[in-house]
Structures are given as C-alpha cells and as structure tokens.
Amino acid sequence: MFDEKGEQYLDCINNVAHVGHCHPEVVKAALKQMELLNTNSRFLHDNIVEYAKRLSATLPEKLSVCYFTNSGAYHGHLSSLIEISPYKFRKGKDVKKEFVHVAPVPDTYRGKYREDHADPASAYADEVKKIIEEAHNSGRKIAAFIAESMQSCGGQIIPPAGYFQKVAEYVHGAGGVFIADEVQVGFGRVGTHFWSFQMHGKDFVPDIITMGKPMGNGHPMACVVTTKEIAEAFSSSGMEYFNTFGGNPVSCAVGLAVLDIIENEDLQGNATRVGNYLTELLNKQKAKHTLIGDIRGIGLFIGIDLVKDPQKRTPATAEAQHVIYKMKEKRVLLSADGPHRNVLKIKPPMCFTEEDAKFMVDQLDGILTVLEEALGAKTESVISETTPCKIEMPMEAHLELLNDSITDSKENPSRKRNGVCTDKHSRLSKRLKT
C-alpha cells in the first residue's frame, strides 16, 4: 500500500482491504453502479437479492435471513453493545452491568487451562456452564452468548476444538442463542473455510452471525445473518428494522465484486499456502528469539505472543510497542493487541504473498536481534553494576534509551558512553525520580 506521500508500506494488519487496497475490480464495480443508480433500500433492486443469495450460499442452510447495515465495527457502538464488550467497558469508567457475564477467554497459552490440560475445551466450557447456573440461582435467564469465532482483540486466540459445541449446548439448554462475531475473521481468512466458525465442525452452527469490515473491501458494508425462526420472532415483536443505506445498490455491487475476487483469485487457497509458509518462518524465529513465547493462528490470522520470560510467560508489552515502531521504520505495518497489548497481530490483505511474508519476517528477525542484544541478560540497568551512575528504570524507559542510542550511533558513530553519565541519562534519571 502507499500513503498520501507516495511512500510504500507492507500492510500486515489491514483486514478491511480484504482483497487488496484499491482492487481495480472493486473500484470498477462501484463506479459502474454509481453511474447507473444508487438509492435507499426502500426501493427494490436486483443487487440486494443477488448478494443475499450469494452470501447465504456460503453459510449453513439454516442461516438464511440477512439484515444489511452500513457499519460493521466489532460488536457495535451503541451503549447497549458497548455494555456487553469487556474490550470496551474495561477501558472506560463504566463498570460491568449486572446483566452481563464475562466468560474466561479460552486461551490455552496464558489462560486458566493451558496446553498441558487434559481437556481444555470442556474446562473452559464448564466455566460458561457455571456462569449460567449462577445467573439462574440469582433469578436471571440467559439471552445470548456472543464471541468472536477467533478472538482478535483478545490476543489472536484460537479456541480449543470442541469448545463452541459445548458452550452452544449449555446456552441453548438455558434458552439462549449463540452469536458468532465474524467481523474480523470471516470471508475466507482462515483458508480452509469461508467462515471461521466452520473450523469447529459441521455440528456447530451459530444462531446469529455478524459480519463487516472485509465485506466491502473498505466500503462501509456489513450484515447480520440469522435463522428464519429468529427473524420471524423479531418481526412478530412489532419492531421493524430499516436502514437507509444498508444493502443499497452500490454497496451490494461492491460486495458481489469482493465475493468474485475471493473465488476467481483463489484467495482462500492463498491464505492457506501463505499462512502455512509464514507460520513456518515464524516458528523458526521462535526457536531463535527468547522474546517470542508463542506463535498461533491459522491461515492469514496469526499472533506472535512476546514475553519477557519464556517460562513465566510474562507479557512483553513495552517490547511489543518497540517492535511495532521499528517495523514501521522498515515500512512494515504491524500492531499489538490482547489484554496486555503484547501480541503482534498479523491479518494482512488476502493477496499477501510468500515474498511479503519473507520480507516481514526478515525485518522482524533483525529488530528482535538488536533488541535482545540491547536487553542483554535480562537486566534493566543501563550500565554496569560497578558504575557509580547506574540507573534502575522500568522497561519502557529502557526502550526509550535504546531508541535514542540507536539513533545516536547512526548520527555519530564515534560517540561512546563507556560508563560516563551523559546528559541524556541525567535527564532521564531526574524524570524517573519525580
């Protein structure tokens, strides 16, 4: 991709530009329809019918009713939706509402039940069962369970096999519905399947699916798909759904073009091939770098969990931010997420190539090598124990000095510290003491 100044970057995180930035077929489809007609969805148009058919064909048969929208940002931005998203309400001043129950993330690397557990899927599902029982004991009923099919903001988490089936069983038994959020992980990103929830087997089908982001390749387009029974229950409640621009002719033309490109360019196959190759390269880096604690993912949905201590699995938050900034200097765009913001997330456009993967990993290797050399034997001292002006500081400050020292060495290779307290050290020391 190019920025507004014409500088080129390798995009490893933009799952909105699903089939590639400014794909000519998407641009052409939008332009052609805009030149012909665009209107609100009160007026019937073939595009919305054709798109609904094409979209439904990718889903299990019972998921057949589409509600089109023009947003598609995560769970949504209404207060009622923010209230059910820990990712949102834990960042603000709001506390968890009493009708919201947060289940443990089914994380087998850092979670309560890890890879050495005999049956982590059942153990994590039983946590949901306990929540349901506690709610019932408090006189409450269960309305729904909602989760990303693979947790992105949660730290690129792949639920253990069988987890969703067991959760769905408990939720349905309590009279609730299962909502799968495919906003970030759908439309072939996992490679082996078109939808991420399909990885869990044919015996698992959500009751409601939310989708967006890659749906329009950057064009604002999203959809909620559900069963006929749920749609009829919603309609019989007297509530009418209407969206002025949801499913308009231009949006549906764009959506159809995206579906065509995924198929014609075999982007699902590409996700599998390139994803496997990238994972292989990253696992080699894991064997080389102690900062890499875990590599997890499938297709072009991969997480690099950075740790300070491989045994304790202590999140390396400051180091992750350092890596992101240094990668940007190398014209590679990455970001971090997870509760500790230490997981480098890789969700590139689906046209990502093996050459792109190799370039990204080579840059990462170089940055981690320099960083680990600078960190040394896991000390947070800037200079040796015997030096009178030794400074103890948090890792964030250490990395700040590392950035500065790298810049200094480039600008003035002859400049040496050799145990001398420079002005920069003195300033930082004073700042840390206040």
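Further up the page is the structure itself.
Just so it is clear, the model here is predicted, and its values are computed rather than measured. All chains use their own residue numbering, which begins from 1 and follows the written sequence. With pLDDT at 70 or above as the cut-off, local features in this predicted model cover only qualifying residues; side-chain atom pairs require 80 or more to be listed or tallied, and sums for whole chains, interfaces and linings still use all residues. Side-chain measures here rest on the full set of heavy atoms in the structure, leaving out hydrogens and waters.

## Some thoughts on the nonpolar core
Selection criterion: Working definition of a nonpolar core: buried Ala, Val, Leu, Ile, Met, Phe, Trp, Tyr and Cys residues. They are joined through side-chain atoms within 4.5 Å. Relative accessible area decides the class of each residue, using a 1.4 Å probe on protein chains only: under 20% of the type maximum gives buried, over 50% gives exposed, and in between gives partly exposed. Secondary structure elements are defined from DSSP: runs of H or I of at least 4 residues count as helices, runs of E of at least 2 residues count as strands, and each element is numbered from the N terminus. By definition in these notes, contact holds between two residues if any of their heavy atoms fall within 4.5 Å.
Membership of the largest hydrophobic core comes to 86 residues, with the highest contact counts inside it found for Tyr51, Leu55, Phe187, Leu282, Leu344 and Met360. At 9 residues, helix α8 (residues 249-264) tops the list of elements feeding residues into this core. With sequence-adjacent residues up to four places away left out, phenylalanine 187 is seen in contact with His18, Tyr51, Leu55, Phe194, Trp195, Met211, Gly212, Pro214, Met215, Leu259, Ile262 and Met350.

## Things to note about helix α9 (residues 267-288)
Operational definition: Every helix has an expected span of 1.5 Å times one less than the residues it contains.
With 22 residues, α9 extends 31 Å between its outermost C-alpha atoms, agreeing within 8% with the 32 Å of an ideal straight helix rising 1.5 Å per residue. Considered for burial, the residues of α9 that qualify are Leu267, Gly269, Asn270, Ala271, Val274, Gly275, Leu278, Leu281, Leu282 and Gln285. Lining the buried residues of α9 we find α8, β7 (292-298), β8 (301-309), β12 (343-346) and α11 (354-375).

## Section: the pairing of strand β3 (residues 144-148)
Heads up, the rule is: Strands are labelled as partners when DSSP assigns at least two bridges between them. Viewed with both strands pointing away, a crossover whose connecting path from the first strand over the helix to the second turns clockwise is right-handed.
With 5 bridges connecting them, β3 and strand β4 (residues 177-181) associate as parallel partners. Bridged to isoleucine 146 within β4 is isoleucine 179. Taken together, β3, helix α6 (residues 163-173) and β4 form a β-α-β motif whose crossover is right-handed.

## Section: the environment of serine 41
Assignment of secondary structure puts serine 41 in the loop between α1 (24-36) and α2 (46-56). Counting along the chain gives 201 residues from serine 41 to phenylalanine 242, while the straight-line C-alpha distance between them is 8.3 Å. If near-sequence neighbours (up to four positions away) are discounted, serine 41 is found in contact with Phe242, Asn243, Thr244 and Gly246.

## Thoughts on the packing of α9 against α11
Here is the rule: Axes here mean lines fitted to C-alpha atoms, for a helix over just the part in contact, with angles spanning 0 to 180 degrees between N-to-C directions. Angle categories are assigned with fixed cut-offs, so that under 35 degrees is roughly parallel, over 145 is roughly antiparallel, 65 to 115 is roughly perpendicular, and the rest are oblique. Handedness of a crossing is defined here by the sense of rotation of the near helix relative to the far one, left-handed for an anticlockwise turn of less than a right angle and right-handed for a clockwise turn. Under the scheme applied here, ten amino acids are nonpolar (Ala, Val, Leu, Ile, Met, Phe, Trp, Tyr, Cys and Pro), four are charged (Asp, Glu, Lys and Arg), and all others, including Gly, are polar.
One way to put it is that α9 packs onto α11 with a least axis distance of 10 Å and a crossing angle of 15°. By the angle between their directions, the pair α9 and α11 is classed as roughly parallel. Here α9 and α11 pass one another in a crossing that is right-handed. In contact with Arg273, Val274, Tyr277, Leu278, Leu281, Leu282, Gln285 and Lys288 of α9, α11 contributes Glu354, Ala357, Lys358, Met360, Val361, Leu364, Asp365, Thr369 and Glu372. Residues belonging to the contact of α9 with α11 are distributed by class as follows: 9 nonpolar, 2 polar and 6 charged.

## Details of unusual backbone geometry
Positive phi values are uncommon outside glycine, yet cysteine 22 reaches one of about 55°. Counting through the fold element by element, cysteine 22 comes out in the loop between β1 (10-11) and α1. You will see that lysine 213, though not glycine, has its phi angle at about 35°, which is positive. Considering the arrangement of structural elements, one finds lysine 213 in the loop between β5 (208-211) and β6 (222-227).

None of the figures reported here should be taken as evidence of function without further support.
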